[in-house]
Amino acid sequence: MITAKYIPWDPIGAMPADRRDGRLILLWEGDRPVIGRWDDGRKGWEDPEGMHLFEEITYWADINSPE
C-alpha cells in the first residue's frame, strides 16, 4: 500500500537558493498547486509545459515520491 505524507509547504521567501537550479518544484500559485521551475534568464517561476511565467507564487515544497 502506498501512503502519502503531509506536504510541508514553506513561504517562497524562505526557499534556499539551491532550489533555483531548474529542478521541478511544487509551487502554490494563487489558489492552486502547480509544478514549476525557476527560469534564471527571465528571473521567474515558469510552467515547464507552457513556458509561461507564474505570477502569484506564495509557497513551495520539494517534490518527493510516496513512501
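Residues numbered from 1 in each chain as written. Predicted model: local features only at pLDDT ≥ 70, side-chain atom pairs only at ≥ 80, totals over all residues. Heavy atoms only, no water.

Thoughts on the overall build of the chain
And then number 1: Looking only at helices and strands, the chain has zero helices and five strands in total.
And then number 2: For the chain, the sequential pattern of α-helices and β-strands runs β-β-β-β-β.
And then number 3: Taken along its principal axes, the extent of the C-alpha atoms in the chain is 40 × 25 × 25 Å.
And then number 4: Here the chain holds 67 residues, and 30% of them are scored as buried.
And then number 5: Of all intrachain contacts in the chain linking residues separated by at least 6 positions in sequence, the fraction that spans at least 24 positions is 49%.
And then number 6: One way to put it: in the chain the 8 positive side-chain charges average out to a point 4 Å from where the 14 negative ones average out. (Helix = DSSP H or I, 4+ residues; strand = E, 2+ residues; numbered from the N terminus. Buried < 20%, exposed > 50% of the residue type's maximum accessible area, 1.4 Å probe, protein only. Contact = heavy atoms within 4.5 Å. Lys, Arg positive; Asp, Glu negative; His and termini not counted. Charge placed at Lys NZ, Arg CZ, Asp CG, Glu CD.)

Some points on the pattern of salt bridges
And then number 1: Scanning the entire structure with this criterion turns up eight salt bridges.
And then number 2: Its salt-bridge partner being Arg19, residue Asp18 comes within 2.8 Å of it at the nearest N-O pair.
And then number 3: According to the relative accessible area criterion, Asp18 is partly exposed, its value standing at 45%.
And then number 4: On the basis of relative accessible area, Arg19 is assigned to the buried category, the value being 16%.
And then number 5: Beyond isolated ion pairs, a larger network of salt bridges with shared partners links Arg37, Asp39, Arg42 and Glu46. (Salt bridge = Lys/Arg side-chain N within 4 Å of Asp/Glu carboxyl O.)

Describing a nonpolar patch on the surface
And then number 1: On the surface, Leu24, Ile35 and Ile63 cluster together into a nonpolar patch covering about 250 Å² of accessible area.
And then number 2: With respect to the helices, strands and loops of the structure, Ile63 is situated in the segment after strand S5 (57-61). (Patch = residues over 30% accessible without salt bridge, like charges linked within 9 Å, V, L, I, M, F, W, Y side chains within 5 Å. Areas by Shrake-Rupley, 256 points an atom, 1.4 Å probe, with all protein chains shown as cover.)

Here we look at the nonpolar core
And then number 1: If you look at the biggest cluster of nonpolar residues, it comprises ten residues: Ile12, Met15, Ile25, Leu27, Val34, Trp38, Trp45, Phe54, Ile57 and Trp60.
And then number 2: When residues of this core are traced back to their parent elements, those giving at least two are strand S2 (25-29), strand S3 (32-39) and S5. (Core = buried A, V, L, I, M, F, W, Y, C linked by side-chain atoms within 4.5 Å.)

What about unusual backbone geometry?
And then number 1: Despite not being glycine, Lys43 has its phi angle at roughly 55 degrees, a positive value.
And then number 2: Tracing the backbone through its elements, the reader meets Lys43 in the loop between S3 and strand S4 (44-46).
And then number 3: With a phi angle near 65 degrees, Met51 is a residue other than glycine that sits in the positive phi range.
And then number 4: What makes Met51 partly exposed here is its relative accessible area of 38%.

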